[in-house]
Amino acid sequence: MSFHGERQVRILIIGGGAIGAALAYHLARAGTKDVLLVEKAQLTHGCTWHAAGLVGQLRGKKNLTRLMQNSVAVFDRLEQETGQAISWKKVGSLRLAGSKARWSEIRRSMGQAKSFGVECHALSAAEANNRFPFISPEGIEGAAFIPGDGYIDPYSLTMAYAKGARANGARIEQGVCVEQIVLEGARAVGVVTNTGTIGCEVLVNCAGLWAKRVGRMAGVDLATSVVEHQYFLTEKKLQFDAALTTLRDPDNNFYLKPDTGSFAIGGWEDGTSGFHRGMPPFSFARELLPPNMERLELFALPAASRLPVLNEIGIQTVINGPIPVSADGEPLIGLAPGLDNFYVGCGFTAGIAASGGAGLALSNLILHGDAGMDLWPFDVRRFSSAHAQPRYLEKRAIEAYGAYYKIHFPVEEIETARGLRRSAVHEQLGRAGAVFGSKAGWERPNWFASPGMHAHDAPSFEDKPNWFGPVAAELTAIRTRAALIDQSSFAKFEISGAGAEAALQRIAANDLSGPPGKAVYTQLCNERGGIEADVTLIHDRREHFLLVTGSGFGVRDSGWVARHLGDGVTIREVTNAYATLNLCGPHSRAILQSVSDDDLSNAAFPFRGVRYIDVGDARALAVRIGYVGELGYELYIPQEFAASVYETLWVAGASHGIANAGYRAIESARLEKGYLYWSGDISPDYNPYEAGLGFCVALDKGEFIGRAALQKIKRDGVARKLCSFTVEGFAPFHGGEAIVHSGQVVGSTTSAGFGHTLKETIAFGYLPTALAGESAFEIEAFGRAYAATRGARCLYDARMERLRS
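Report on the accompanying structure. Predicted, not measured: the structure shown is a model, and the values here were computed from it.

**Some thoughts on the side chain of Thr 32**
Mapped onto the secondary structure, Thr 32 falls in the loop between helix H1 (18-29) and strand E2 (35-39). A relative accessible area of 5% means that Thr 32 is categorised as buried. Within the structure, Thr 32 has its side chain in polar contact with the backbone oxygen of Leu 27 (distance 2.8 Å). With sequence-adjacent residues up to four places away left out, Thr 32 is seen in contact with Arg 10, Ile 11, Leu 27 and Leu 367.

**A closer look at the sheet that holds strand E25 (residues 544-549)**
Judged by pairing direction, the sheet is antiparallel, and its 5 strands sit side by side in the order E23-E24-E25-E22-E26 without closing on themselves. The two strands at the open ends of the sheet, each matched to only one other strand, are strand E23 (518-525) and strand E26 (570-573). Taken over all neighbouring pairs, the strand axes of this sheet differ in orientation by 30° on average, direction set aside. Sheet analysis places E23 next to strand E24 (residues 531-541), joined by 8 bridges and oriented antiparallel. Residue pairing in the sheet places Ala 519 in a bridge with Ile 538 of E24. Here helix H13 (residues 554-564) sits on the sheet in contact with strand E22 (491-496), E23, E24, E25 and E26, set at roughly 75° to E24.

**A closer look at the sheet that holds strand E32 (residues 720-728)**
With antiparallel pairing, 6 strands are arranged side by side around a closed barrel as E32-E35-E34-E33-E36-E37. Across the sheet, the mean angle separating the axes of adjacent strands is 40° when strand polarity is ignored. One ladder, built from 3 bridges, connects strand E33 (residues 738-741) with strand E36 (residues 776-781); its direction is antiparallel. Each bridged residue has a counterpart across the sheet, and for Ala 738 the counterpart in E36 is Glu 780.

**Here's the deal with the pairing of strand E4 (residues 93-97)**
Counted residue by residue, E4 has 4 buried out of 5 residues, so it is predominantly covered. With 5 bridges connecting them, E4 and strand E6 (residues 142-146) associate as antiparallel partners. The residue bridging Ala 97 from the neighbouring strand is Gly 142, located in E6. Pairing between E4 and strand E13 (residues 246-249): 3 bridges, direction parallel. Bridging from a neighbouring strand, Ser 93 pairs with Thr 246 of E13.

**A closer look at the nonpolar core**
If you look at the biggest cluster of nonpolar residues, it comprises 52 residues, and the most contacted ones within it are Ile 13, Tyr 161, Val 204, Leu 362 and Leu 375. For this core, the element with the most residues is H1, which contributes 9 residues.

**A closer look at helix H3 (residues 100-116)**
For H3, with 17 residues, the first-to-last C-alpha span of 24 Å sits near the 24 Å given by 1.5 Å per residue. Considered for burial, the residues of H3 that qualify are Arg 102, Trp 103, Ser 104, Glu 105, Ile 106, Arg 108, Met 110, Gln 112, Ala 113, Ser 115 and Phe 116. In this structure, the buried residues of H3 make contact with helix H2 (62-82), E4, strand E5 (121-123), E6, E33 and strand E34 (744-755). Positive backbone phi, approximately 85°, marks Gly 117, located one or two places after H3.

**A short note on the packing of helix H5 (residues 154-167) against helix H8 (residues 351-368)**
Here H5 crosses H8 at 20°, and the two axes come no closer than 11 Å. With respect to each other, H5 and H8 are oriented roughly parallel. Handedness of the H5/H8 crossing: left-handed. Contacts between H5 and H8 involve Pro 154, Leu 157 and Tyr 161 on the former and, on the latter, Ile 352, Ser 355 and Gly 356. Looking at the contact of H5 with H8 residue by residue, the classes come out as 4 nonpolar, 2 polar and no charged.

**Regarding helix H9 (residues 390-402)**
Helix length check: H9, at 13 residues, gives a terminal C-alpha distance of 18 Å against a target of 18 Å (1.5 Å per residue), a fit within 8%. In terms of burial, H9 is a largely internal element, 10 of the 13 residues being buried. If you follow the buried residues of H9, they end up packed against helix H6 (211-217), strand E12 (224-234) and strand E16 (315-326). Capping of H9 at its N-terminal end is provided by Gln 389; its side-chain oxygen lies 3.0 Å from the backbone amide nitrogen of Arg 391.

**Notes on the pairing of strand E20 (residues 442-448)**
Of all 7 residues that make up E20, 7 are buried, and the element is covered over most of its length. Bridge count for strand E19 (residues 434-439) against E20 is 6 bridges, and the pairing is antiparallel. What sits directly across from Ala 434, in E20, is Phe 448. As consecutive antiparallel partners, E19 and E20 are separated by 2 residues, and within that stretch Ala 440 has a phi angle of approximately 55°, a positive value.

**Quick notes on the packing of aromatic side chains**
Two numbers describe a pair of aromatic rings. These are the distance of the centres and the angle of the planes. Per the counting criterion, the structure on display carries 30 aromatic pairs. Ring geometry for Tyr 404 against Tyr 405: centres 5.8 Å apart, planes inclined by 45°, an arrangement best described as tilted. Aromatic ring contacts, followed pair by pair, group Tyr 255, Trp 268, Tyr 401, Tyr 404 and Tyr 405 into a single cluster. Against the face of Phe 145 rests Arg 131, its NZ or CZ located 3.9 Å from the ring centre. Just above the ring of Tyr 796 sits the side chain of Arg 479; from NZ or CZ to the centre is 3.9 Å.

About the thresholds
- Residues numbered from 1 in each chain as written.
- Predicted model: local features only at pLDDT ≥ 70, side-chain atom pairs only at ≥ 80, totals over all residues.
- Heavy atoms only, no water.
- Helix = DSSP H or I, 4+ residues; strand = E, 2+ residues; numbered from the N terminus.
- Buried < 20%, exposed > 50% of the residue type's maximum accessible area, 1.4 Å probe, protein only.
- Polar contact = N/O pair within 3.5 Å; in protein donor to acceptor, adjacent residues only side chain to side chain.
- Contact = heavy atoms within 4.5 Å.
- Pairing = 2+ DSSP bridges.
- Axes fitted to C-alpha atoms, helices over the stretch in contact; angles between N-to-C directions.
- Core = buried A, V, L, I, M, F, W, Y, C linked by side-chain atoms within 4.5 Å.
- Expected span 1.5 Å × (residues − 1).
- Parallel < 35°, antiparallel > 145°, perpendicular 65-115°, else oblique.
- Left-handed = near helix turned anticlockwise from the far one by under 90°.
- Nonpolar A, V, L, I, M, F, W, Y, C, P; charged D, E, K, R; others polar.
- Phe/Tyr/Trp six-rings, centres within 6.5 Å; stacked < 30°, edge-to-face > 60°.
- Lys NZ or Arg CZ within 6 Å of the ring centre and 35° of its normal.

Listed below in structure tokens is the structure:
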């Protein structure tokens, strides 16, 4: 029986904080009719009302910086547009470096700022002191000043959003609490509230502190929790210029916002407390929590060392309030997995600063199916159900909160809630010296410590990390002998049923036709030709495929496929059912043949071939494909047999010098080979022709998603091209560096690293087509310009002779 609400709206927003109000404002401003926002108490009564209100634009990713820039653009116009004062103080922000490692981190951010188009200035300790006279310059290595930052009043901002929304026809109702979400199939068709029922075409969860509870009403478990956050206001005894900048001193773990005659100072201390396991009761409203003075000291005392004036004045007020924090500290935006019309905008730790841009992006996504930028680092689908388990999630949220001002080295790993998902060979790899990382809750071998070496990460911004030598040895084994790589964390999905091949032909850009027994590398494109997913489709038997994608992309990619499969075809996750062992290197065939009675010759089992074979006493699905650019076999093995297969291959490979290898060796190998990484080198922002993947687009196979757009792109040509760059020897590139030609910034690197075989630093980045034929460029990192040569996209085995041998 269909649900019929007592009233019907087009878009229903749950939650009246800064994010919900900003979304209502943008939807209404875009001309959307029949928008209703419901708030269980009063606007701002969750955590918006007690937020500090700092606004900082520079983030580690270009599109996230754009989102913050879009917020500032909204703040710049909102007061004049609505007539509502918002107390937007564009006084800039000053970030101090109190250690060499921090100065490296900040200088890296400044390099990214240049490529992202954010005005940013490097200052000495004395110059920083001039900007903020209250600081002690002792121990300051340097500072960054961003003039476009500032602070804003969260309450007034939210009221301005609400006023603008109402002026454009949206309705806002307070005191309306959603008690139930009504589902029909894959759609949220309405809600039951304390004041009656409401039907809707689109439902949006902007419930802030209560987002996880609201999500569960719709059967969606969100990886956002709630923790306590404190800041304090000093006595109003200070005198300073009204244009005094905001201050962040991450080494002393505090931020500062000038207030009227006082400072508001907060921090991100270790060991904060979780709050109701991320699901506070709906009865909680405009409330604060008792101060925790022991935790307050963790940032108040360091702040006093940087700001001697704090030793002369007292604390007037301590604010301890709950705030949302996700499993990785970043917000959740987008269409919820498994539902067709239930969107989320929640988990914002810095929701005030992000509100204008986030509201715009979510509005665009709802109205046009495109946020206007790729927001994968914020995408709700980056998390699996494992991340949303309340106890696990709370541990991760507390760590993410405490890490907010810690130095974030490249490829850093989380420390808490580890060991949740382990492959069948985890113990063997641990005994072999594996240094594990975490992806989608899986423990994965990143690299293997040499005998006598401490098995832990020691990363660096500007120097070689401690795994540099061991990873070089692993890649040498891959290139010259053989290696075993545990890739069991691959996300794997079985697609089957009458019409499976035809359905996938409509979804994939590449051609899947032909008999079973082959693997096809393909992109899944949207109607604009943008790359929604980058996957391998393994056709092992009639109307039966295995979709394999990256560990962190399973929810996103399977959701995209599921929405387009059609009737009669099913998709089922089998990630946990099969281990994946990658046997690769020029000796891999000899090793595998020695433990199998099947014919593994090149003629019988060619490149991209798919066969079920015996391996020792077990049976496996073998796929002749890989991500390292060598002869190799991905073996998909039922979990209960995986340890036996690993041991069998290890013994058989001993005489060939077989070695274990990890994901950091894979990264070096794929850079040399020119293989791309989705979310870095390719995304919905890019199409296959720009990325050099036109060979994966089968325009002549018939209709598929994005075909018309790709035909036009191919016909008209592209405005930018993905290129490879090399620098002699080691250069400290991590992605996001500015690419310079003739003194002008012409792009930024999408990914980078050291090619241990080639002994060169390799970077990928998009260039305007007019410059893609040039060879001489510079790449800037940490204040230095490195001479870079644009070369062939594939720098290793360009003829594919080793893969096909």
